[in-house]
Amino acid sequence: MSRTSELESPKASGDFLEGEIVQRIDALEYVDDRTADWHDVKTTTVLEPDQSLPFYGVVVLEPEIPVEIKGCQYQTSNGEYSTHGRYYVKRRAHDRLLEAGGMYLFVVYIPRPGLPQLARAVVPATIVDELLAGRWYDVGGSRSENEVAKLSWSTVIEPEGVDPATRVGDAR
């Protein structure tokens with residue numbers, strides 16, 4: 001993917017981040033949408049937390065755990081003022097991840113070429129489910145999903161630990 005195309009849409013940004021994560025974290029393997037459209041990667045070996053990838057609510061990930069990667073911008077504008085970016089979660093995919101005992105890998109990035117990552121966190125879908133309670137809403141039209149929720153990154157990751165001038169650690 002070119003250095004400018006990852007900025008063209010949320011989908012392009014997500015695809016770019018998925019590629020970056022799989023390249024940087026050896027224990028993760030890409031899962032294509034034809035195999036499973038409700039998660040992006042799975043663990044191939046034991047994955048342990050470190051400074052660049054903290055875990056919340058879990059100590060270690062065993063092999064074969066489905067993981068959904070969610071990225072959002074450090075800041076976004078709602079028209080009047082800037083606020084923390086939000087993760088967009090589709091109910092159907094979330095429910096499948098929940099049933100499978102899966103995890104989310106949340107990423108906060110800056111929307112510029114290369115999508116510099118500022119923070120990451122691995123969180124069990126069960127904890128995310130609690131955070132999403134009361135946030136679901138219906139979307140109309142021809143979209144593939146009917147219910148979605150938005151979750152500010154600061155609900156999942158401690159804002160004091162995120163510095164827009166500092167990029168998350170590199171290869172593991």
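Here goes a summary of the coordinates provided. (Residues numbered from 1 in each chain as written. Predicted model: local features only at pLDDT ≥ 70, side-chain atom pairs only at ≥ 80, totals over all residues. Heavy atoms only, no water.)

### Concerning the pairing of strand β3 (residues 66-73)
By the criterion of burial, β3 is predominantly enclosed, with 6 of the 8 residues buried. Bridging between strand β2 (residues 41-43) and β3 involves 2 bridges; their strand directions are antiparallel. Among the inter-strand pairings, Lys42 is bridged to a residue of β3, identified as Pro66. Pairing of β3 with strand β7 (residues 103-109) involves 7 bridges; the strand directions are parallel. Residue Glu68 lies in a different strand from β7, and its bridge partner there is Tyr104. (Buried < 20%, exposed > 50% of the residue type's maximum accessible area, 1.4 Å probe, protein only. Helix = DSSP H or I, 4+ residues; strand = E, 2+ residues; numbered from the N terminus. Pairing = 2+ DSSP bridges.)

### Focus on the sheet that holds β2
Taking strand neighbours across the sheet as the criterion, the 5 strands line up as β1-β2-β3-β7-β8 in an open arrangement whose pairing is mixed. Taken across any chain shown, the strands that pair with only one partner, and hence form the sheet edges, are β1 (28-30) and β8 (117-124). Between one strand axis and the next, the sheet turns by 30 degrees as a mean value, whatever way the strands run. As defined by bridge partners, β1 adjoins β2 across 3 bridges and the pair is classed as antiparallel. Directly across from Leu28, in β2, lies its bridge partner Thr43. (Axes fitted to C-alpha atoms, helices over the stretch in contact; angles between N-to-C directions.)

### A look at helix α1 (residues 10-24)
If you check α1, its first and last C-alpha atoms are 21 Å apart, about what 15 residues at 1.5 Å a residue would give, namely 21 Å. Buried positions along α1 lie against β1, β3, β7 and β8. (Expected span 1.5 Å × (residues − 1). Contact = heavy atoms within 4.5 Å.)

### A short note on the environment of Val156
Position of Val156 among the secondary structure elements: in helix α4 (residues 153-156). A C-alpha to C-alpha distance of 24 Å links Val156 and Gly79, two positions 77 residues apart in sequence. Excluding residues that lie within four positions of it along the chain, Val156 makes contacts with Tyr56, Phe106, Val123, Leu131 and Leu151.

### Comments concerning unusual backbone geometry
A positive phi angle, close to 75 degrees, is found at Glu64, a residue other than glycine. Relative to the elements of secondary structure, Glu64 occurs in the loop between β2 and β3.

### A closer look at the pattern of salt bridges
Overall, the coordinates contain 8 salt bridges when judged by the stated rule. A salt bridge links Glu29 to Lys42; the nearest nitrogen and oxygen atoms lie 3.8 Å apart. Here Glu29, found in strand β1, pairs with Lys42, found in strand β2; they are 13 residues apart in sequence, far enough to count as distant. For Asp95, the salt bridge is made with Arg91, and the minimal N-O distance between the two is 3.5 Å. Remark: Arg91 and Asp95 occur in helix α2 (residues 91-99); sequence separation between them is 4 residues, near one turn of the helix. When its relative accessible area of 26% is taken as the criterion, Arg91 is described as partly exposed. (Salt bridge = Lys/Arg side-chain N within 4 Å of Asp/Glu carboxyl O.)

### Notes on the nonpolar core
The tendency in soluble globular proteins is for nonpolar side chains to be buried side by side. Core analysis: the biggest nonpolar cluster contains 27 residues, and Phe106, Trp153 and Ile157 have the highest contact counts within it. Of all elements in the fold, only β6 (86-90), α2, β7, β8, α3 (125-132), β10 (147-152) and α4 reach the threshold of two or more residues within this core. Among the elements that take part in this core, β8 stands out by supplying 4 residues, more than any other. Not counting chain neighbours up to four residues away, the residues in contact with Trp153 comprise Cys72, Gln73, Tyr74, His84, Gly85, Tyr87, Val108, Pro159 and Val162. In terms of nonpolar packing, the next biggest core, distinct from the first, is built from 20 residues, Leu17, Ile25, Leu47 and Val67 among them. (Core = buried A, V, L, I, M, F, W, Y, C linked by side-chain atoms within 4.5 Å.)

Interpretation in functional terms is not warranted from these geometric data alone.
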